[in-house]
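The primary structure of each chain is shown beneath.
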Amino acid sequence: MPPVFRFAPSPNGYLHLGHAYSALLNVQRARETGGRLLLRIEDIDPTRCRPEYEQAITEDLAWLGIAWEQPVRRQSLHLAAYGAALERLQDMGLVYPSFESRAEIARLVAQRGVEGNWPQDPDGAPLYPGAAKAMSATRRAELMSSGLPYALRLDMEAAVVRAGGLSWVEVGCGPNGESGTIEATPAVWGDVILARKETPTSYHLSVVVDDALQGVTEVVRGQDLFHATSVHRLLQVLLGLPAPAYRHHQLIRDDMGHKLSKSTQATALRTLRAEGVSPAEIRHRIGLV
Ligand code: GLU
């Protein structure tokens, strides 16, 4: 079986030089190994994803000379698959609803954090500070049917106990040069959100379901997702899904050393294309020849 690679952008903005780097590294790996290259559109967030961005993704990738297999998987068309995975986790007793708004969470964090040192996840967001896990089943059912929005969270403590020791094979490297067998530490993320009332999945859940379903053997993606891999390994083990190898790559930065953002027009592939920059120059700028 040939190795399987995937480039998995979210259509919530225009692709930039960093995406070009990630996509081209996937192409390179597929070429080196005689592997297949898939494109997956991660469009589960209807408030941020737009069809014109999706259209722009395929145009920009084609302009770079990248070819991918058909059909393209669009996550928004497969919500039932993620729902089934969520249900399995619910059946294991590992999921609970929480009802606090963002503002309430911020208030709880301020209250509980002694001198502002409430623990944060690797992305800098406060861990869930609420007490929803301890809520009675009756109260839960009452609130869920009251029409209040809610988030479905993973009971991290119970999940970690159930999964046991976790690791992954890093064939690229993490932000601090980590490589080889990496010990996964999902607990640093706290009770992550797996789904919401209005969106029956999350990035973490859909990415592990799809990587398994599409037979992805090596995940090539930016180092900004290195720590998220701990959550992905945890979910893979809980759901009985195979573990791909991970190749995290360095992030392309601007002249000031900042991470590129979809909101900066200057490094968007379409802006560069409109300015007359060629695909060969793009490769050169990101250090690929
Ligand atoms: N959709 C994610 C993003 O655009 C990438 C997901 C992944 O590669 O695992 O940042």
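For the structure given in this document, a descriptive report is provided here. Computed from a predicted structure; not experimentally measured.

Scanning the protein chain for helices and strands turns up 10 helices and 10 strands. A globule of 289 residues ought to have a C-alpha radius of gyration of about 19 Å, and the protein chain, at 20 Å, matches this closely. Expressed as a percentage of the 289 residues in the protein chain, the buried residues total 47%. In the protein chain, 77% of the contacts between residues at least 6 apart in sequence involve partners at least 24 apart. Summing over all exposed atoms, the protein chain offers an accessible surface of approximately 14,200 Å²; the carbon and sulfur share of this is 53%. Looking at the protein chain, you have 30 positive and 32 negative side-chain charges, and the mean spots of the two groups are 2 Å apart.

Turning our eyes to something else, we now look at the sheet that holds strand 5 (residues 151–154). Taken together, the 3 strands give an open sheet; going across it, the order is 4-5-8, and neighbouring strands pair in antiparallel fashion. The open sheet terminates on both sides in strands that have one partner only, identified here as strand 4 (95–98) and strand 8 (193–196). Strand after strand, the sheet turns through a mean of 30° between neighbouring axes, direction not considered. As judged from the 4 bridges shared by strand 4 and strand 5, these two strands associate in the antiparallel manner. Directly across from Ser98, in strand 5, lies its bridge partner Ala151.

Right, let's talk about the side chain of Gln223 for a bit. Here Gln223 lies in the loop between strand 9 (218–222) and helix 8 (228–239). A relative accessible area of 15% means that Gln223 is categorised as buried. If sequence neighbours within four positions are ignored, Gln223 has contacts with Cys173, Gly174, Pro175, His248, His249, Gln250 and Leu251.

The subject of this paragraph is the pattern of salt bridges. Summed over the entire model, instances satisfying the criterion amount to 19 salt bridges. Where Lys133 meets Asp155, a salt bridge forms, and the shortest distance between an N and an O atom there is 3.1 Å. Of this pair, Lys133 sits in the loop between helix 4 (102–112) and helix 5 (137–145) while Asp155 sits in the loop between strand 5 and helix 6 (156–163), and the two are 22 residues apart along the sequence. One salt bridge in this structure joins Glu157 and Lys133, with 3.7 Å as the shortest N-O distance. Remark: Lys133 occurs in the loop between helix 4 and helix 5 and Glu157 occurs in helix 6; sequence separation between them is 24 residues. For Lys133, a relative accessible area of 35% puts it in the partly exposed group. Within this structure, Arg6, Arg40, Glu42, Arg73, Asp210 and Asp211 form a network of salt bridges that share partners.

Moving on, we come to the site of the ligand. The immediate surroundings of the ligand are formed by Arg6, Ala8, Pro9, Ser10, Glu42, Tyr203, Val207, Arg221 and Leu225. Arg6 places a side-chain nitrogen or oxygen 2.7 Å from an oxygen atom of the ligand. In this structure, an oxygen atom belonging to the ligand sits 2.9 Å away from a side-chain N or O atom of Tyr203. Across the complex, the protein chains shield 80% of the 300 Å² of accessible surface that the ligand would expose by itself. A class-by-class count of the residues in the shell around the ligand yields 5 nonpolar, 1 polar and 3 charged.

Turning our attention to the environment of Leu239. As for its position among the elements, Leu239 is in helix 8. Residue classification places Leu239 among the buried positions, given a relative accessible area of 4%. In this structure, the C-alpha to C-alpha distance between Leu239 and Gly215, residues 24 residues apart in sequence, is 15 Å. Other than its neighbours up to four places away in sequence, Leu239 contacts Ala85, Arg88, Leu89, Leu205 and Val208.

Strand order in the open sheet made by the 3 strands is 1-2-3, with parallel pairing throughout. Only two strands of the sheet have a single partner each, and these edge strands are strand 1 (4–7) and strand 3 (73–74). Looking at chain direction, strand 1 and strand 2 (residues 36–41) are connected through 4 bridges and run parallel. Bridge assignment links Phe7 to a residue of strand 2, and that residue is Leu39. The strands touched by helix 1 (residues 17–33) within the sheet are strand 1 and strand 2, with strand 1 carrying the most contacts at an inclination of about 165°. Set on the sheet, helix 2 (residues 51–63) makes contact with strand 1, strand 2 and strand 3; between it and strand 2 the angle comes to about 155°.

About the thresholds
Residues numbered from 1 in each chain as written. Predicted model: local features only at pLDDT ≥ 70, side-chain atom pairs only at ≥ 80, totals over all residues. Heavy atoms only, no water. Helix = DSSP H or I, 4+ residues; strand = E, 2+ residues; numbered from the N terminus. Rg over C-alpha atoms; globule rule 2.2 N^0.38 Å. Buried < 20%, exposed > 50% of the residue type's maximum accessible area, 1.4 Å probe, protein only. Contact = heavy atoms within 4.5 Å. Areas by Shrake-Rupley, 256 points an atom, 1.4 Å probe, with all protein chains shown as cover. Lys, Arg positive; Asp, Glu negative; His and termini not counted. Charge placed at Lys NZ, Arg CZ, Asp CG, Glu CD. Pairing = 2+ DSSP bridges. Axes fitted to C-alpha atoms, helices over the stretch in contact; angles between N-to-C directions. Salt bridge = Lys/Arg side-chain N within 4 Å of Asp/Glu carboxyl O. Near = heavy atom within 4 Å. Polar contact = N/O pair within 3.5 Å; in protein donor to acceptor, adjacent residues only side chain to side chain. Nonpolar A, V, L, I, M, F, W, Y, C, P; charged D, E, K, R; others polar.

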